[in-house]
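Structure assessment
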Amino acid sequence: MNWHDRMNAAVDYIEDNLTGTVDIWEAAKITGCSEYHFRRMFSFIAGIPVSEYVRRRRLTLAALDLRNRNEGVEDVAGRYGYRSTESFARAFTAVHGLSPATAQTSDGVYRTWPRMTFYLTIQGGRQMDVRITDKGPFRIIGIMKRVPIRFEGINPEIEAMWKELTTDDIQSLKTMSDTEPEGIIQASVNFDERRMDEQGSLDHYIGVASTKQSPGPWSSLDVAASTWAAFSVTGPFPQAMQETWGRIYSEWFPSVEYQLSEGPEILSIKDKDLSGSNVRCDIWIPIKAVR
């Protein structure tokens, strides 16, 4: 079964369970991916988190049931997983722009979201420069902070982390950089479950990749041996980097026999001046072959 067939089988599972429990882990298992990877893939390709897709589909079917079945609002609310008519009414009104009672008794216009289908499209080839490499274990040494997730623009929390580092700090860290990715790097790990809603948070490191022990006050993160995909990016920062991150999940992963593995996602910035139109970066992502 190819990639889009597996994704469509996962959607079949979701559709079959809209009036029951939709287990995202079970949907991910159908695709052969981890739950984390499935959530990432779905969100970047579909444009909405899988949890939001489930919510919209349930409220679409709920609207149809209210119009076409001789049932009370409480019965329909319970069928689609709402514990009270009040919470159902709030969600229904937010999506459709009219109350459940109005949907039952009038010809008001309500919104529908059809079942999603994934299919392969061939678009004008835009080159992606990627190197696949095996690396032994190493550690990231530097500063760490839990920061909110932000997909577009500058993350002010990460910007504040950079300002904490003095020139002496950076020089001290650079002396410990003895493995790829070289130089000062950023790494993100331990994403929470709401990541694709852009409401969650993650552990963010600024430091170096090293095989040395972490000295003094620095935080450290041990990274297991893995296969890595290293993508080269050139363009305005951070827009080009963020666009490439989206393409990795929406274009590259669906076209190769790899999936995301456990470990940090790493950004290595090659230029000191980030204001130019051709800032050079490398994005490192841990991967494993699809079995």
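Summarised in this report is the structure supplied together with it. (Residues numbered from 1 in each chain as written. Predicted model: local features only at pLDDT ≥ 70, side-chain atom pairs only at ≥ 80, totals over all residues. Heavy atoms only, no water.)

What follows concerns the pattern of salt bridges. Tallied over the full model, the rule gives 14 salt bridges. The residue arginine 115 makes a salt bridge to aspartate 12 at a minimum N-O spacing of 2.1 Å. Linking arginine 115 in the loop between helix H7 (100–105) and strand S1 (129–135) with aspartate 12 in helix H1 (residues 3–16), this pair joins segments that are 103 residues apart in sequence. The class for aspartate 12 is partly exposed, based on a relative accessible area of 37%. Two residues, arginine 131 and glutamate 180, come together in a salt bridge whose shortest N-O distance is 3.0 Å. You can see arginine 131 sitting in strand S1 and its partner glutamate 180 sitting in the loop between helix H9 (167–174) and strand S3 (185–189), a full 49 residues away along the chain. When its relative accessible area of 37% is taken as the criterion, arginine 131 is described as partly exposed. Under the relative-accessibility criterion, glutamate 180 is labelled partly exposed at 31%. (Salt bridge = Lys/Arg side-chain N within 4 Å of Asp/Glu carboxyl O. Helix = DSSP H or I, 4+ residues; strand = E, 2+ residues; numbered from the N terminus. Buried < 20%, exposed > 50% of the residue type's maximum accessible area, 1.4 Å probe, protein only.)

All right, on to the environment of alanine 9 then. Relative to the assigned elements, alanine 9 resides in helix H1. Assessed through its relative accessible area of 23%, alanine 9 is described here as partly exposed. On a C-alpha basis, the gap between alanine 9 and arginine 69 in space is 29 Å, while along the polypeptide they are 60 residues apart.

With that settled, the discussion passes to the packing of aromatic side chains. Inspection of every chain in the model, using the stated rule, returns 10 aromatic pairs. Taking 6.0 Å as the distance between ring centres and 55° as the angle between the ring planes, the aromatic pair formed by phenylalanine 38 and phenylalanine 42 counts as tilted. With phenylalanine 38 and phenylalanine 42 both in helix H3 (residues 35–46), this residue pair falls 4 residues apart, about one helical turn. Residues phenylalanine 38 and phenylalanine 42 agree in their burial class; the two are buried. Seen from their ring centres, phenylalanine 88 and phenylalanine 92 are 5.6 Å apart, and the 50° between their planes marks the pair as tilted. Highlighted residues: phenylalanine 88 and phenylalanine 92, both in helix H6 (residues 85–96), separated by 4 residues, approximately one helical turn. Residues phenylalanine 88 and phenylalanine 92 agree in their burial class; the two are buried. Members of the aromatic cluster, joined through ring pairs, are Phe231, Tyr249, Trp252, Phe253 and Tyr258. Sitting over the face of the ring of phenylalanine 138, lysine 135 holds its NZ or CZ atom 4.6 Å from the ring centroid. (Phe/Tyr/Trp six-rings, centres within 6.5 Å; stacked < 30°, edge-to-face > 60°. Lys NZ or Arg CZ within 6 Å of the ring centre and 35° of its normal.)

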